[in-house]
Amino acid sequence: MHDILVSARNAGVEFIQPNGEKVRVLEGINCDIVGGDRIVLSGPSGSGKSTLLNILGGLIVPSEGTVTWPALGNRATLQPAKIAYVFQAESLFPALNVLENVMLPLKLMGNLLGSADAASALLERLQLDGLSKKLPEELSGGQAQRVAMARAMVVKPRLILADEPTGQLDSTTAHQFLGRVLEFADENELAVVVATHDRLIAGFMQKQWSIDHGQLATPQNI
Ligand SMILES: Nc1ncnc2c1ncn2[C@@H]1O[C@H](COP(=O)(O)OP(=O)(O)OP(=O)(O)O)[C@@H](O)[C@H]1O
Ligand SMILES: [Mg+2]
């Protein structure tokens, strides 16, 4: 349960702009995510939250330092079975309805027969079953965010990295939904990291990380 899922040591990210200039976005990042963690990552717009989730999820390689996944294996094997990522931007496949979007990661993992039942059960549990037959273009932004979260959860990964998953929800809906997500995470021993501006979400999570100008403060390194 308390395996180290992700470990970053002195990790940094530098982007090269079209004019050749380098921009430093993350610097000296040291953190661990262990099994069952509940972490909220907060910080101002542009502070590096999405970039940090990207390196922790193995989607981008840090320009210096290391990110490793001691209990999960190497970068190539992480997604979607072990780490599921909920993107800040809309990410549902437009040609697939809600149920088909949520079934997709199971199908990619070779679960062809059980995927419809598992996806339906999860949508029902998250009170999204009324949306099953809708296409993404028929959803509100907040509904699309919740379906994207369901798609991440359906494979029961060891870790969910969710980037502003409630950014388009009113606070009552956001908190009810997060409550259901965390109950599912408890039952299935999933670790959850949520990047958000919503201060109230911190109350749901056990660990508070904050980032400012690319520097991360965690309870261990404050
Ligand atoms: N691919 C990229 N190339 C160049 N600069 C980038 C790139 N991605 C992000 N940045 C810059 O890195 C900084 C951090 O961006 P990031 O998206 O991580 O911030 P954030 O904390 O998630 O912001 P928000 O709360 O608005 O989502 C910003 O200044 C951004 O302009
Ligand atoms: Mg962001």
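Provided above is the structure to which this section pertains.
Only a predicted model underlies this, so the values are computations on that prediction, with no experimental measurement involved.

So, the overall build of the protein chain
In step 1: Assigned secondary structure in the protein chain consists of 5 helices and 9 strands.
In step 2: Listed by position from the N terminus, the elements making up the protein chain come as β-β-β-α-β-β-α-α-α-β-α-β-β-β.
In step 3: Computed over its C-alpha atoms, the radius of gyration of the protein chain comes to 17 Å, within 12% of the 17 Å expected for a compact globule of 222 residues.
In step 4: In terms of its C-alpha atoms, the protein chain occupies a principal-axis envelope of roughly 45 × 40 × 35 Å.
In step 5: Counting the 222 residues in the protein chain, one finds 48% classified as buried.
In step 6: Of the contacts formed within the protein chain by residues at least 6 apart in sequence, a portion of 72% connects residues at least 24 apart.

Some words on the pairing of strand β6 (residues 159-163)
In step 1: Extensive coverage of β6 is indicated by the burial of 5 of its 5 residues.
In step 2: Side chains of β6 alternate between two faces, with L159, L161 and D163 and I160 and A162 buried alike.
In step 3: For strand β5 (residues 83-86) and β6, the ladder comprises 4 bridges, and the chain directions are parallel. Pairing of Y85 across the sheet is with L161, part of β6.
In step 4: Pairing between β6 and strand β7 (residues 191-195): 5 bridges, direction parallel.

Concerning the packing of aromatic side chains
In step 1: Under the counting rule described, the total for this entry stands at 1 aromatic pair.
In step 2: Pairing Y85 with F87 gives two aromatic rings, centres 4.6 Å apart and planes at 40°, and the pair type is tilted.

Looking at the coordination of the magnesium ion (ligand 2)
In step 1: On the protein side, the magnesium ion (ligand 2) has S50 (OG) and Q88 (OE1) as donor atoms, found 2.1 to 2.3 Å from it. With S50 in helix α1 (residues 49-56) and Q88 in the loop between β5 and α2 (98-108), this residue pair connects regions lying 38 residues apart in the sequence.
In step 2: On the accessibility criterion, S50 (24% relative accessible area) is partly exposed.
In step 3: Classification of Q88 as partly exposed rests on a relative accessible area of 44%.

Comments concerning helix α5 (residues 171-188)
In step 1: Taking 1.5 Å of rise per residue, the 18 residues of α5 would be expected to cover 26 Å, and the 26 Å separating its terminal C-alpha atoms lies within 8% of that figure.
In step 2: Every buried residue belonging to α5 is among A174, H175, F177, L178, V181, L182, F184 and A185, and all of these are buried.
In step 3: Its buried side turned inward, α5 meets β3 (38-42), α3 (115-125), α4 (141-153) and β7.
In step 4: Of the residues flanking the start of α5, the one acting as N-cap is D170, its side-chain oxygen 3.2 Å from the backbone nitrogen of T172.
In step 5: One or two residues past the end of α5 sits E189, with phi positive at roughly 55°.

Analysis parameters
- Residues numbered from 1 in each chain as written.
- Chains lettered and ligands numbered in written order.
- Predicted model: local features only at pLDDT ≥ 70, side-chain atom pairs only at ≥ 80, totals over all residues.
- Heavy atoms only, no water.
- Helix = DSSP H or I, 4+ residues; strand = E, 2+ residues; numbered from the N terminus.
- Rg over C-alpha atoms; globule rule 2.2 N^0.38 Å.
- Buried < 20%, exposed > 50% of the residue type's maximum accessible area, 1.4 Å probe, protein only.
- Contact = heavy atoms within 4.5 Å.
- Pairing = 2+ DSSP bridges.
- Phe/Tyr/Trp six-rings, centres within 6.5 Å; stacked < 30°, edge-to-face > 60°.
- Donors = N, O, S within 2.8 Å, 3.2 Å for Na, K, Ca; no water.
- Expected span 1.5 Å × (residues − 1).
- Polar contact = N/O pair within 3.5 Å; in protein donor to acceptor, adjacent residues only side chain to side chain.

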